[in-house]
Amino acid sequence: MPTISPLEKAEILSEALPYIQAFFDKTIVIKYGGNAMIDEELKEGFASDVVLLKLVGMNPVVVHGGGPQINELLDRIGKKGEFIQGMRVTDAETMDVVEMVLGGHVNKEIVSLINKHGGKAVGLTGQDGHFIKAHKLYLKDDAGAGTVDIGQVGEIESIDATIVSHLDAADFIPVIAPIGVDSKGESYNINADLVAGKLAETLKAEKLILMTNTPGVLDKQGQLLTGLTATKIDALFADGTISGGMLPKISSALDAAKNGVNSVHIIDGRVKHALLLEVLTSQGVGTMIRAN
Ligand SMILES: Nc1ncnc2c1ncn2[C@@H]1O[C@H](COP(=O)(O)OP(=O)(O)O)[C@@H](O)[C@H]1O
Ligand SMILES: CC(=O)N[C@@H](CCC(=O)OP(=O)(O)O)C(=O)O
């Protein structure tokens, strides 16, 4: 690491001032993807960034994924994870694993890391207070004529963000696992990007930041696309540039941008302190999604 003088250090810290002023008391929804939870150092860095944002007066709300972690446990019980259009095919046994991994292991690990760094995190799933209402999702088949049944996967009906706002107001940091519930109490597995996007809309968040394992959205040559609008996104869907897990991510990012979230970013969660760089500096990292 290059050494920097005390003055340079002070100047770097002082550069954060306009961002702290602009985002003071604003809600920032951060989606922490399972693919960005690579090693302990990165996870610790993420947790300390979230605590810092809270302590300088912002309201960070964490929605986490855990796709690779679910796959790992499925592997251990001899089951193979299967995805259609970026969504996990979820039978009853897979749903048990999803609840154990997302609602249990991953959620508690993030809560505990944030608390270790001096924050007050509270873990929730959509079952808590029934705050993420969902029903079964049927995907459109490739021809667009029929539907595909992928099991216990949910489509969000509504989010009642009261509980999240109360936690924010009382200085807690909500950490949310993407599990929804229907009126009969049945749980549904929901893609975490979709929960993060809808929650950002409901909370009228200033920012939605989706942290993943690529530098952002890439074109067919692997070059970073730093800014995308609805029209460009339609073209990238049509020519197959966007596929797999990037499909729900872009859809939810675009919906959030269209529905009042001021800035929506897809950033590389494998970069240490990517979150601080995105919120508190002028370093544009990743892809920014705009409605038009
Ligand atoms: N155009 C694209 N640019 C970048 N990544 C893409 C693109 N199309 C598909 N992907 C895939 O989407 C993945 C990110 O989605 P996903 O695996 O669901 O991550 P996360 O766990 O962070 O939600 C990337 O690792 C990449 O394999
Ligand atoms: C329906 C569906 O696909 N649910 C996801 C939920 C976790 C998730 O979204 O995790 P990442 O953000 O790490 O991809 C899954 O089962 O993998």
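Residues numbered from 1 in each chain as written. Chains lettered and ligands numbered in written order. Predicted model: local features only at pLDDT ≥ 70, side-chain atom pairs only at ≥ 80, totals over all residues. Heavy atoms only, no water.

A. Representation of the overall build of the protein within the structure. Helix and strand content of the protein: ten helices and 16 strands. Taking 2.2 N^0.38 as the reference for a compact globule, 292 residues should give roughly 19 Å; the C-alpha atoms of the protein span a radius of gyration of 19 Å, in line with that estimate. Dimensions of the protein, computed from the C-alpha atoms along their principal axes, are close to 60 × 40 × 35 Å. Sorting the 292 residues of the protein into buried and exposed places 49% on the buried side. (Helix = DSSP H or I, 4+ residues; strand = E, 2+ residues; numbered from the N terminus. Rg over C-alpha atoms; globule rule 2.2 N^0.38 Å. Buried < 20%, exposed > 50% of the residue type's maximum accessible area, 1.4 Å probe, protein only.)

B. Representation of the site of ligand 1 in the model. Around ligand 1 lies a shell of 18 residues, among which Thr212, Asn213, Leu218, Thr241 and Lys249 are the nearest. Asn35 is positioned with one of its side-chain polar atoms (N or O) 3.0 Å from an oxygen atom of ligand 1. At a separation of 2.7 Å, an oxygen atom of ligand 1 approaches a polar side-chain atom of Asn213. Where the shell around ligand 1 is concerned, the elements lending two or more residues are strand E11 (207-212), strand E12 (217-218) and helix H9 (246-258). (Near = heavy atom within 4 Å. Polar contact = N/O pair within 3.5 Å; in protein donor to acceptor, adjacent residues only side chain to side chain.)

C. A look at the sheet that holds strand E8 (residues 173-177). The strand order across the open sheet built from eight strands is E5-E8-E2-E1-E11-E15-E16-E14, with neighbouring strands paired in mixed fashion. Both edges of this open sheet fall to strand E5 (121-125) and strand E14 (227-228), since each of them pairs with a single strand only. Bridging between E11 and strand E15 (residues 263-268) involves six bridges; their strand directions are parallel. What sits directly across from Leu210, in E15, is Ile266. (Pairing = 2+ DSSP bridges.)

D. Spatial organisation of the pairing of E8. Among the five residues that make up E8, five are buried, leaving the element largely enclosed by the rest of the structure. Burial along E8 is two-sided: the face carrying Ile173, Val175 and Ala177 and the face carrying Pro174 and Ile176 are both buried. For strand E2 (residues 59-64) and E8, the ladder comprises two bridges, and the chain directions are parallel. Its bridge partner being in E8, Val62 is matched across the sheet by Val175. With five bridges joining them, E5 and E8 adopt parallel strand pairing. Within the sheet, the bridge partner assigned to Gly123 lies in E8 and is Val175.

E. Representation of the site of ligand 2 within the structure. Around ligand 2 sit 17 residues, and of these Lys31, Gly34, Arg88, Asn189 and Ala192 come closest. Here an oxygen atom of ligand 2 sits 2.9 Å away from a polar atom, N or O, in the side chain of Asn189. In the environment of ligand 2, an oxygen atom lies 3.0 Å from a nitrogen or oxygen atom belonging to the backbone of Ala192. Computed on the free molecule, ligand 2 has an accessible area of 430 Å², of which 92% lies beneath the protein chains in the complex. Counting residues per element, the shell around ligand 2 draws most heavily on helix H4 (residues 67-76), which supplies three residues. A breakdown of the residues in the shell around ligand 2 according to their chemical character gives seven nonpolar, eight polar and two charged. (Areas by Shrake-Rupley, 256 points an atom, 1.4 Å probe, with all protein chains shown as cover. Nonpolar A, V, L, I, M, F, W, Y, C, P; charged D, E, K, R; others polar.)

F. Examining the pattern of salt bridges more closely. Counted by the stated rule, this structure contains twelve salt bridges. Among the salt bridges present, the one from Lys116 reaches Glu44, with a minimum N-O distance of 2.6 Å. With a gap of 72 residues between them, Lys116 in helix H5 (residues 92-116) and Glu44 in helix H3 (residues 40-55) connect regions that are remote in the sequence. The exposed category is assigned to Lys116, whose relative accessible area is 58%. With a closest N to O distance of 2.9 Å, Lys207 and Glu278 form a salt bridge. Within this pair, whereas Lys207 is found in strand E11, its partner Glu278 is found in helix H10 (residues 274-280), the two being separated by 71 residues in sequence. (Salt bridge = Lys/Arg side-chain N within 4 Å of Asp/Glu carboxyl O.)

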